[in-house]
Amino acid sequence: MNTHKKRSGFKVMTSLIGLVKPMTGYMILAILMGLMGHLCASFITISGGFAILSVLGKNSLHLAVIFAAMAGMAVLRAVLRYAEQSCNHFIAFKLLALIRDKVFGALRKLCPAKLEGRDKGDLISVITSDIELLEVFYAHTISPVAIAALFTVIMCIFIGSYNPLLGVIALAAYITVGVIIPFAVSKLSGDMGLIFRTKSGELSAFVLDSLRGLPQIQQFGTGRKRLAQMNEKMEELSENEAKMKCFSGRNTAITNTVILFFDVLMLFASGMLFVNGAVGFDGVLIPVIALMSSFGPVVALAALGSTLQNTFAAGNRVLDILEEK
């Protein structure tokens, strides 16, 4: 019995995350190294602010110490970034191998009747592109979300140590860029990803039917007609892909505009606090630099807003095969 379902993105995500359990240790390691790496990247720039304060005589830190710390964080950032990505991709490739094993195990139980169905093109897409697409989820989604959450807490505490209002502005900036924008993009894109995966499956099914019916096509001279139909389906798929890329481009433009807005807001708010005597010059310079240099983890989440629809559509189809009876 076929059990095709249209699961919610949250349901697909929780089902896919459930497969990570055997690799929990590696996932925690990837999150910790990613968090430390992003902190190093941000504090390299922030250290430049402390160097400026040292030159102006507004703190007691020695320039040599600051420059040595910057050099150390630069080297450490490279090492941590490599180690984080190695862990993430190790997890992804191990899990993709596990998913392939489960999918082929399910297909062995369903065949040969499954291959005679109308959705055999979907099977080709699941076996080839859909499972590969899950690499984006396992290598570039799970740990970045956890890293962004922990990073946000640390940076808000750091910026808020100068003045609570500045910490609130930083929190609003991170939530807007890392949560609100991806959520809005995901909602606005609708079923764009699912439509793309469906059309891809239809094209695969059409090609398979054409190959299996090649003798009949030659016998009745319908080759040109069949080729025209195939080209039409390919054009529809290309148009859908172009719409997805255009939507992704608009998402990037909106994200950059929002980041610029909060950078200016932080500068304005810290400047007003300085004028009113609530903070010193360091309370203007460091929070502004800190915010400007710390959007990396949440921008990564914003970029996922449009691609996750496609990933969840692929995950939904893989789960269909695994749950089919």
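Since the model is a prediction, treat every value here as computed from it, not as a measurement.

(A) Layout of the overall build of the chain. A count of helical and extended segments in the chain gives 11 helices and zero strands. In the chain, the succession of helices and strands from N to C terminus is α-α-α-α-α-α-α-α-α-α-α. Of all 325 residues assigned to the chain, the portion counted as buried reaches 45%. In the chain, of all internal contacts separated by at least 6 residues, the share reaching a separation of at least 24 is 85%. Surface accessibility of the chain: about 16800 Å² in total, with carbon and sulfur atoms responsible for 69%.

(B) Here's a closer look at empty space enclosed by the protein. Applying the stated rule across the entire model yields one cavity of 30 Å³ or more. Computed from the structure, the largest cavity encloses a volume of approximately 40 Å³. Taken together, Lys199, Glu202, Leu203, Lys233 and Glu236 make up the full set of residues lining the largest cavity. The element that contributes the greatest number of residues to the lining of the largest cavity is helix H7 (residues 192-212), accounting for three residues. Considering only residue class, the lining of the largest cavity consists of one nonpolar, no polar and four charged.

(C) Spatial organisation of the pattern of salt bridges. All chains considered together, the criterion is met by one salt bridge. In this structure, the salt-bridge partner of arginine 81 is glutamate 84, at a minimum N-O distance of 3.5 Å. In this pair, arginine 81 and glutamate 84 are both assigned in helix H3 (residues 63-110), three residues apart and thus about one turn of the helix distant. The partly exposed category is assigned to arginine 81, whose relative accessible area is 35%. A relative accessible area of 3% means that glutamate 84 is categorised as buried.

(D) Inspection of the packing of helix H2 (residues 24-55) against helix H5 (residues 142-160) at higher detail. Two numbers describe how H2 lies on H5: the axes approach to 9 Å, and their chain directions differ by 40 degrees. Viewed along their axes, H2 and H5 adopt a mutual orientation that is oblique. For the pair H2 and H5, the sense of crossing is right-handed. Residues Met27, Ala30, Ile31, Gly34, Leu35, His38, Leu39, Ser42, Phe43, Ile46 and Phe50 of H2 lie in contact with H5, whose contacting residues are Ile142, Ser143, Ala146, Ile147, Leu150, Phe151, Ile154, Met155 and Phe158. Grouping the constituent residues of the contact of H2 with H5 by class yields 16 nonpolar, four polar and no charged.

(E) Highlighting helix H10 (residues 282-292). The element H10 is largely enclosed, with a buried count of nine among its 11 residues. Those residues of H10 that fall on the buried side of the exposure criterion are Gly283, Val284, Leu285, Ile286, Pro287, Val288, Ile289, Ala290 and Leu291.

(F) Looking closely at the packing of aromatic side chains. Per the counting criterion, the structure on display carries five aromatic pairs. Ring geometry for phenylalanine 43 and phenylalanine 158: centres 5.1 Å apart, planes at 65 degrees, overall edge-to-face. Within this pair, whereas phenylalanine 43 is found in helix H2, its partner phenylalanine 158 is found in helix H5, the two being separated by 115 residues in sequence. Taking 6.0 Å as the distance between ring centres and 85 degrees as the angle between the ring planes, the aromatic pair formed by phenylalanine 158 and tyrosine 162 counts as edge-to-face. The residue whose ring lies beneath arginine 226 is phenylalanine 206, and the NZ or CZ to ring-centre distance is 4.0 Å.

(G) Fine view of the layout of surface pockets. One number sums up the size of the second largest pocket: a volume of about 290 Å³. If you trace the second largest pocket, you find 18 residues lining it, with His38, Arg81, Pro144, Gly296 and Ala300 closest to the centre. Those elements giving two or more residues to the lining of the second largest pocket turn out to be H2, H3, helix H4 (120-140), H5 and helix H11 (296-323). Ranked by residues supplied to the lining of the second largest pocket, first place goes to H3 with five residues.

(H) Quick look at H5. Helix length check: H5 (19 residues) gives 27 Å between terminal C-alpha atoms against 27 Å at 1.5 Å per residue, within 8%. Among the residues making up H5, those that are buried are Ile142, Ser143, Pro144, Ile147, Ala148, Phe151, Thr152, Met155, Cys156, Phe158 and Ile159.

(I) Looking closely at the packing of helix H9 (residues 223-275) against H10. Put simply, H9 and H10 touch, their axes get as near as 9 Å, and they point 165 degrees apart. With respect to H10, the axis of H9 lies roughly antiparallel. Every pair of crossing elements has a handedness; the one defined by H9 and H10 is right-handed. Every residue of H10 that contacts H9 at Phe262, Asp263, Met266, Leu267, Ser270, Gly271 and Phe274 is listed here: Gly283, Val284, Pro287, Val288, Leu291 and Met292. Tallied by class, the residues present in the contact of H9 with H10 amount to nine nonpolar, three polar and one charged.

Definitions and cut-offs
Residues numbered from 1 in each chain as written. Predicted model: local features only at pLDDT ≥ 70, side-chain atom pairs only at ≥ 80, totals over all residues. Heavy atoms only, no water. Helix = DSSP H or I, 4+ residues; strand = E, 2+ residues; numbered from the N terminus. Buried < 20%, exposed > 50% of the residue type's maximum accessible area, 1.4 Å probe, protein only. Contact = heavy atoms within 4.5 Å. Areas by Shrake-Rupley, 256 points an atom, 1.4 Å probe, with all protein chains shown as cover. 1 Å grid on protein atoms, 1.4 Å probe; cavity = no way out; pocket = protein on both sides within 12 Å on 5 of 7 lines; lining within 4 Å. Points joined across faces, edges and corners; volume = space filled by probe spheres on them. Nonpolar A, V, L, I, M, F, W, Y, C, P; charged D, E, K, R; others polar. Salt bridge = Lys/Arg side-chain N within 4 Å of Asp/Glu carboxyl O. Axes fitted to C-alpha atoms, helices over the stretch in contact; angles between N-to-C directions. Parallel < 35°, antiparallel > 145°, perpendicular 65-115°, else oblique. Left-handed = near helix turned anticlockwise from the far one by under 90°. Phe/Tyr/Trp six-rings, centres within 6.5 Å; stacked < 30°, edge-to-face > 60°. Lys NZ or Arg CZ within 6 Å of the ring centre and 35° of its normal. Expected span 1.5 Å × (residues − 1).

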